[in-house]
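Here are the chains, one letter per residue:
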Amino acid sequence: MPSRRAFIGMAGAGGLALGLPRAFAAETWRAEFHTALAAEPWLRAFRSVEAHVVGADATVTGKWPRGLAGTLYRNGPARHEVGDFRYRHWFDGDGMLQAWRLSAAGVRHQGRLVETTKLVAETRAGRALYPTFASQPPDSRPVTGPDVINVANISVLPHHGRLYALWEAGSPWEVDPDDLTTRGLHAFSAETAGVPFSAHPRVEPDGTLWNFGYASGPGLLVFWHIDARGQLVKTGTVAVSPMAMPHDFMVTSRYLVVLLPPLHYRPSEPATTFLDAHRWEPTQPTRVLVLSKEDFSVVRWLELPAQWIFHFGNAWDTPDDTIHFDGASAADPSAMFESFREIMRGRYVAGAPTRHQRFRLDLRAGTGQQARMFDERFETEFPAIDPRVGTRRNHRLVLLCADATRPVAHPLLNQLGVYDDRGERLQTFRYPDHVIPEEHLFVPAPGSEPEAQGWVVGTGLDVATDRLLLNVFDVAAVDAGPVATATLPYALPLGLHGKFVAGTG
Ligand SMILES: [Fe+2]
C-alpha cells in the first residue's frame, strides 16, 4: 500500500494542471451553437438541459420480452451551458444521471443532475465559476484539487447495492439508486480520499472491482482492488513519465493492462486548459503496462504503435502468457481535440475514424501485435460484452458503428452491430437518419448460459420528434430491428456510458 504522502499529491492541486489564468476571448460559442441548431436538427444531441430533474413514464410499443426487468443507469454531460457561458468541449458539461426502470408492467425514466460541489456553487452563482477539462470560463476561480471540478459526467458504477457517478480524474460521487439524489463524494478509505478513480472500472462476474486512476501532476498511475462488498483490498502506484491520458483499461484473470497512447502531459508548455497541456507525439510508441493482480509491484512494459483508443471491449489471458483484447483504435486523438470541441459551437469537424482492432500481447517475447477486426468501411465505438464473461474469452461483441459507404444525414455513429467470432459474423441494424443511437449494452436473459440468450438494450435521441428512446433487440437477431421501443415525452442531450442492473425494475 503506498504511503499517505504518495496520495496527498494526487488529491491536492497537483493532480490536474488547471486554474491557469488566461481566459477565453469574448463569448460567441453559445450564439454560434444556437444559430447552427436552428438549421441542423441533429445538433439537438448537444443542447444543454434546462431542468435539473426530469421524470416520466415511457410509451412502450412492440412486444416486451418476458424476463427483461431491471434498471439501466446512464450518465453523460448534460448541462453544457451555465449562465451565458457554453462549454468548449462535449466532455465538460455537468453530469446527469438517468435511470430507465424496465419491466413488463412498463418503463419509467428519471434523470437528475449530479449535485456536485461545482454544480451547487455555480447554480447558486448563476454563472460558470471553474475551469473544466477543456474550458476556461472568464474570471475562473483557482482549482485546489480535482474534486472541486469533478463533474461526475462520464459513467456510472453500480456495486454492492450502491451507485456511483464517475468522472475521469477524481472521486466517485455516490448517488441514491432509487431517487438519484446525490449523497456525496465516496472514499474507499480515509487515506485514499480524493485519489483519482477512473470512469472505467471493471467488475468481475464475482463482484471483484478493479480500477485505475491517473494523477498528471505527480506523474502517477494508481491502481485499485476492491472486493465484492465494496471494501478496499489494496492500492498501488506506478510512476509514469511522461504521463498520458488513459481513459479505459483491461482486466484478465491474472493481469491489469493499461495502454498509454503518446498523448503526453507537457505542463511546461503554455496552455489554457488541462486538455491543452497535452501533446500528441506520434513518433513515440503506445506504452503498454501490464501489472500482476496479485502484486501491483510486479509490472511489465511492452509497446504498440502510436494510436488513440478510448474504449476496450474485453481482455483475457491464456496459460502461455498471452493477453488478448480488443479496442476501438484511431490514428490520433483528433476527435477529442477537434470534433468534440467544434461540435459545441455547432460545427462538425471529422476526426480520425476508429477501426476495431484485435490485439495480442506475448509476455514471454515482450511483443505486441494488432489487426483490424472488421471491413475497413466500418467505424466503431462503445464496445460491450455479456458482463458474465468479463476477464474470460468472449465470442460476442456489441458496438456502435457506421458504414462509410452508406452516408447518413448526421455525422455520428448510426448503426448497432453485434459480432460473433463463431462464424465471424457482424449483424447490423441501421437506425433511421433521425435517430442518433447512444451506447448499447448486452443484457443477459436470466438463467441463460453466458453469451447465449439475451437482449441488446440501448437508448437513442430522435431528433425529428425530439424524444428520447430506449430500444430492445434480440441479441441473436439485431438485424431484424427492435422488438420493443420505449419513448419518453422529452429529449435529453447525448450521453456516454451506462450499466444495467437486473431486478424488478
Ligand atoms: Fe468512456
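Scope of this entry: the structure provided in the associated data block. Worth saying up front: this structure is predicted, and the values here are computed from it rather than measured.

Procedures and definitions
- Residues numbered from 1 in each chain as written.
- Predicted model: local features only at pLDDT ≥ 70, side-chain atom pairs only at ≥ 80, totals over all residues.
- Helix = DSSP H or I, 4+ residues; strand = E, 2+ residues; numbered from the N terminus.
- Rg over C-alpha atoms; globule rule 2.2 N^0.38 Å.
- Buried ≥ 20, exposed ≤ 12 C-beta atoms within 10 Å, placed from the backbone.
- Contact = placed C-beta atoms within 7 Å.
- Pairing = 2+ DSSP bridges.
- Axes fitted to C-alpha atoms, helices over the stretch in contact; angles between N-to-C directions.

**Structural notes on the overall build of the chain**
A count of helical and extended segments in the chain gives four helices and 35 strands. The C-alpha atoms of the chain give 21 Å as radius of gyration, which agrees with the globular expectation for 505 residues (23 Å, within 12%). Viewed in the frame of its principal axes, the chain has a C-alpha envelope of about 60 × 55 × 45 Å. Here the chain holds 505 residues, and the buried ones make up 50% of them.

**Some remarks on unusual backbone geometry**
Here Ser241 and Pro242 are connected by a cis peptide whose omega angle stands at -5°. In this model, Ala152 sits at a positive phi of 50°, which is unusual for a non-glycine residue. Assignment of secondary structure puts Ala152 in the loop between helix H3 (117–125) and strand E9 (155–159). The backbone of Asp466 shows a phi angle near 60°, a positive value even though the residue is not glycine. Tracing the backbone shows Asp466 in the loop between strand E32 (454–462) and strand E33 (467–474). On the basis of neighbour counts, which here come to 13 C-beta atoms within 10 Å, the residue Asp466 falls in the partly exposed class.

**What to know about helix H4 (residues 334–342)**
Every buried residue belonging to H4 is among Ala335, Met336, Phe337, Phe340 and Arg341, and all of these are buried. Looking at the buried residues of H4, the elements they touch are strand E24 (322–330).

**Observations concerning the pairing of strand E22 (residues 299–304)**
Two strands pair when backbone bridges link them, and strand E21 (residues 286–292) and E22 are joined in this way by six bridges, in the antiparallel orientation. Pairing of Val288 across the sheet is with Leu302, part of E22. Hairpin connection of E21 to E22: six residues between the antiparallel strands.

**A word on the sheet that holds E33**
With antiparallel pairing, the five strands of this open sheet are ordered in space as E2-E34-E33-E32-E31. Only two strands of the sheet have a single neighbouring strand rather than two, namely strand E2 (59–62) and strand E31 (435–444). Each neighbouring strand pair of the sheet contributes to a mean axis angle of 20°, computed without reference to strand direction. Two elements, E31 and E32, share eight bridges in a ladder whose sense is antiparallel. From the neighbouring strand, Val443 faces E32, where its bridge partner is Trp455.

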